[in-house]
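# Structure at a glance
Residues per chain, in single letters:
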Amino acid sequence: MIYREMIQVVSKGEHPTFHDLTDKVSEICARSGIQEGICTIVTTHTTCSVITGEYAHDFTENGTGFLQQDLCNIMEQIIPTCRAAGQYLHPGPNHIESGLNDTQPGSWSMLNTDAHLRSALIGRDVTLIVRNGQPDLGDYACVYFIDWDQVRARPRRVTVQVMGE
C-alpha cells in the first residue's frame, strides 16, 4: 500500500528557516493506516533540505533552535551566504536571463547559490522506518524542513509518502 500527503510551510526569508514537521509526519503515518513500512519525507525545492535532528529546548531571538543555529553557523563557514553578484559562478548570465523570463521577481532573487550548495550537501529527503503506525524516531529526534534560501519569504511544499502494510 502507498499513501501520500503534502505539507505546506511558509519560509521567512532573511535567514535559514527551520520547520518542525514531526507531529505532521506522525499524523500522516497514522492516517495512512500502514502499520509496518517506510515513510519518506522529500522536497523538490533545490534550495531546501529535510533532516532528522534532536529537538532544541533553547532558541535564538529569531526562534531558531540552538542546535539548528549551530548547523547554520557551521554551514556559514563551509558555504558562506551569497551576498553579492560574482561571489559564486552561479548564477551566470544565461541563468539570470532564463529566470527573469520565468517567475523570478528580479535578478537579486537569484543570489541564492549558497542555498543550492547547502541543499546539495545536506540532501532533500529522509526515509524513516514505520513501526506500529508511527515513524520510528527514537526518544529525541525530530523531522525538520530547512529552507536555506534567505532572499525572500515564500510558500514551500514537502511530500510525505508512506509505503508498507
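Report follows, based on the coordinates. (Residues numbered from 1 in each chain as written. Predicted model: local features only at pLDDT ≥ 70, side-chain atom pairs only at ≥ 80, totals over all residues. Heavy atoms only, no water.)

## Considerations on the overall build of the chain
Basically, it comes down to this: Only DSSP runs of H or I reaching four residues or more are called helices, and only runs of E reaching two or more are called strands; each is numbered from the N terminus. Note on classification: 1.4 Å probe, protein chains only; a residue is buried when its accessible area is under 20% of the maximum for its type, exposed when over 50%, partly exposed between these limits.
Of regular secondary structure, the chain possesses four helices and eight strands. Taken from N to C terminus, the helices and strands of the chain fall in the order β-β-α-β-β-α-α-α-β-β-β-β. C-alpha extents for the chain along the principal axes are approximately 50 × 35 × 20 Å. Split into buried and exposed, the 165 residues of the chain put 46% on the buried side.

## Focus: the pattern of salt bridges
How we decide: For this document, the term salt bridge refers to a Lys or Arg side-chain nitrogen within 4 Å of an Asp or Glu carboxyl oxygen.
Applying the stated criterion across every chain, the model contains seven salt bridges. Residue Glu-76 pairs with Arg-83 through a salt bridge whose shortest N-O separation is 3.9 Å. Look at the salt bridges and you will find they share partners, linking Glu-76, Arg-83, Asp-114 and Arg-118 into a network.

## Comments concerning helix 2 (residues 66-78)
Put simply, the rule is: To estimate how far a helix should extend, the number of its residues minus one is multiplied by 1.5 Å. It is the directions from the helix axis to the C-beta atoms whose arc is reported. The contact criterion used is simple: two residues touch if any of their non-hydrogen atoms lie within 4.5 Å.
Here helix 2 contains 13 residues, and its C-alpha end-to-end distance of 18 Å stays within 8% of the 18 Å for a straight helix at 1.5 Å per residue. Residues of helix 2 that are buried: Gln-68, Cys-72 and Met-75. Across the axial projection of helix 2, the buried residues extend over an arc of 65°, all falling on one side. Residues of helix 2 that are buried in the fold lie against strand 2 (17-20), strand 4 (48-54), helix 4 (113-122) and strand 7 (141-147).

## Some words on the sheet that holds strand 4
Condition: By the convention used here, strands pair only if DSSP detects at least 2 bridges between them. Helix axes are fitted only over the stretch in contact, all axes being lines through C-alpha atoms; the angle between N-to-C directions runs from 0 to 180 degrees.
Taken in spatial order, the three strands make up an open sheet running 2-7-4, and their pairing is antiparallel. Edge strands, defined here as strands with exactly one partner in the open sheet, are strand 2 and strand 4. Neighbouring strand axes in the sheet, compared pairwise and without regard to direction, differ in orientation by 30° on average.

## Section: a nonpolar patch on the surface
Here is the rule we go by: Nonpolar side chains (Val, Leu, Ile, Met, Phe, Trp, Tyr) within 5 Å and like charges within 9 Å form the patches, drawn only from residues with over 30% relative accessible area and no salt bridge. The protein chains shown are the only cover counted for residues, whose accessible areas, like all others here, come from Shrake-Rupley with a 1.4 Å probe.
On the surface, Ile-74, Ile-78, Leu-121 and Ile-122 cluster together to form a nonpolar patch covering roughly 350 Å² of accessible area. Going through the elements one at a time, helix 2 and helix 4 are the ones with two or more residues in the nonpolar patch. Here Ile-122 falls in the partly exposed class, since its relative accessible area comes to 31%.

## Observations regarding the nonpolar core
Selection criterion: Throughout this description, the term nonpolar core refers to a set of buried Ala, Val, Leu, Ile, Met, Phe, Trp, Tyr and Cys residues connected via side-chain atoms within 4.5 Å.
In terms of nonpolar packing, the biggest core is built from 20 residues, with Leu-21, Val-25 and Ile-41 touching the most fellow members. Put simply, the parts of the chain that give this core at least two residues each are strand 1 (2-11), helix 1 (22-32), strand 3 (36-42), strand 4, strand 5 (125-131), strand 7 and strand 8 (154-164). Leaving out residues up to four positions away in the same chain, Val-25 has contacts with Ile-7, Cys-39, Ile-41, Pro-135, Val-143 and Val-160. Ile-51, Ile-79, Leu-111 and Cys-142 belong to the second largest nonpolar core, which has 13 residues in total.

## Focus: unusual backbone geometry
For the peptide bond that leads from His-90 to Pro-91, omega is 0°, which places it in the cis range. In this fold, Pro-91 is placed in the loop between helix 2 and helix 3 (93-100). Phi is positive for Glu-14, which is not a glycine, with a value near 70°. Checked against the element boundaries, Glu-14 lands in the loop between strand 1 and strand 2. Here Glu-14 falls in the exposed class, since its relative accessible area comes to 72%. With phi around 55°, Asn-132 is a residue other than glycine that occupies positive phi space. Structurally, Asn-132 is set in the loop between strand 5 and strand 6 (134-135).

So yeah, pure geometry; function would need other evidence.
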